[in-house]
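Residue-level structural notes
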Amino acid sequence: MPRRTKVGTLAPTAVAVTAAVAVLTGCGLQDHRQVGAAGPSASADPSVAPKAPLPSGKPLGADARVPSPSAVDRADATEVSRAWAETAYSYDTKYDTGPHDAMLRSVRWCTAKKAAAERAYRPAAGAGNDWNTWADHQAWTTVALTADDDGDAPSDTRTLAYRALFVEGTAHGRDGWTGTGPRADVFLKLVRPGTGKAWRVAEVTSVEAAVPPSAPASSSSPAALSALSSSTDRPE
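The structure displayed is predicted, hence computed values, not measured ones.

If you tally the helices and strands in the chain, you get 5 helices and 7 strands. Listing each helix as α and each strand as β along the chain from the N terminus yields β-β-β-α-α-α-α-β-β-β-β-α. Considering the chain as a whole, with its 236 residues, one finds that 41% of them fall into the buried category. Long-range contacts, defined as pairs at least 24 residues apart, comprise 69% of the intrachain contacts of the chain with a sequence gap of at least 6. Of the roughly 11,600 Å² of accessible surface on the chain, a fraction of 52% belongs to carbon and sulfur atoms.

Another aspect to go through is the side chain of Thr111. Here Thr111 is to be found in the loop between α2 (99-105) and α3 (112-120). For Thr111, a relative accessible area of 15% translates into the label buried. Separated by 3.1 Å, the side chain of Thr111 and the backbone nitrogen of Lys114 make a polar contact.

Now for the nonpolar core. Core analysis: the largest hydrophobic core is formed by 29 residues, its most contacted members being Val80, Trp84, Tyr89, Val186, Leu188 and Val201. Broken down by secondary-structure element, the contributors of at least two residues to this core are α1 (77-88), α2, α4 (129-136), β4 (140-147), β5 (160-172), β6 (178-191) and β7 (200-208). Ranked by the residues each element gives to this core, the list is headed by α1, at 6 residues. If we ignore the near neighbours within four places in the chain, the residues touching Trp84 are Tyr89, Met103, Ser106, Trp109, Cys110, Val186, Leu188, Val201 and Val204.

Its location among the elements puts Glu79 in helix α1. Given a relative accessible area of 25%, Glu79 falls into the partly exposed group. Taking C-alpha positions, Glu79 is 9.9 Å from Pro69, a pair spaced 10 residues apart along the chain. If we skip the residues at most four places from it in the chain, Glu79 touches Ala71, Val72 and Asp73. Polar contacts involving the side chain of Glu79 include one to the main-chain amide nitrogen of Asp73, which spans 2.8 Å.

Evaluated as defined, the whole model comprises 5 aromatic pairs. Plain terms: the ring middles of Tyr91 and Trp131 are 5.3 Å apart, the flat faces sit at 50 degrees to each other, and that makes the pair tilted. In this pair, Tyr91 sits in the loop between α1 and α2 while Trp131 sits in helix α4, placing the two residues 40 residues apart along the sequence. The residues Tyr91 and Trp131 share a single accessibility class, namely buried. Measuring from centroid to centroid gives 6.0 Å for Trp131 and Trp134, while their planes differ by 65 degrees, and the two rings are edge-to-face. Separated by 3 residues within a single helix, Trp131 and Trp134 lie in helix α4, roughly one turn from each other. Linked through ring pairs, Tyr91, Trp131 and Trp134 together constitute an aromatic cluster.

For the rest of this paragraph, the subject is unusual backbone geometry. Peptide bonds are trans in most cases, and residues, glycine excluded, mostly fall at negative phi. A positive phi angle, near 55 degrees, is found at Ala71, a position not held by glycine. Relative to the helices and strands, Ala71 is located in the loop between β3 (30-31) and α1. Although it is not a glycine, Gln138 adopts a positive phi angle of roughly 45 degrees. The residue Gln138 is located in the loop between α4 and β4 in this model.

This paragraph deals with the environment of Ala125. Along the chain, Ala125 falls in the loop between α3 and α4. Counting along the chain gives 70 residues from Ala125 to Pro55, while the straight-line C-alpha distance between them is 8.2 Å.

Definitions and limits used
Residues numbered from 1 in each chain as written. Predicted model: local features only at pLDDT ≥ 70, side-chain atom pairs only at ≥ 80, totals over all residues. Heavy atoms only, no water. Helix = DSSP H or I, 4+ residues; strand = E, 2+ residues; numbered from the N terminus. Buried < 20%, exposed > 50% of the residue type's maximum accessible area, 1.4 Å probe, protein only. Contact = heavy atoms within 4.5 Å. Areas by Shrake-Rupley, 256 points an atom, 1.4 Å probe, with all protein chains shown as cover. Polar contact = N/O pair within 3.5 Å; in protein donor to acceptor, adjacent residues only side chain to side chain. Core = buried A, V, L, I, M, F, W, Y, C linked by side-chain atoms within 4.5 Å. Phe/Tyr/Trp six-rings, centres within 6.5 Å; stacked < 30°, edge-to-face > 60°.

And the structure:
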């Protein structure tokens, strides 16, 4: 696989959407999570007792450390994919109860169908050991994004584009602790109605990166990206 080319993270600003439920009073950022929205109906006779869903995160406060990418050229599929990834993998455990709260903030970059699917989805209780560690330190995460294209992705058309990114996160505790944040290989499908129109994320597949101790932190395997192109993270 060719060496990845590092791309910078994006600066925060205010982005308004109709799905906002709480306004960050300190700097005008909006929370795109819909607190208490109903999810898909459960089976009338489940074979296994379902896990309790995680509660929605709290409305963001003035000290929330979440990005709102600015100056994004929505006619550029690469910029839109990077803005989505930065938003989706930037958590603040003081306010978020799990990674899905950040995913809901990312729907501003998605198609209406994808956004609706994310809002309807209800993750099961238990955000994982990494999350518990971050939450112990009231940590927020920042991410560095690396283009992860091995040359096999289809060429862009007027209405369809694919992008592959490697997400490498760092967790920053409010108590001064620093640790490893989220790391994943992410494959995105973007669509738009025509030339010059805004690209939107239609499908996302992600694979958590398992990095051997002796390997560079940015390593990922071609097999993982191959798996990404054959399925999506959740049905829309």
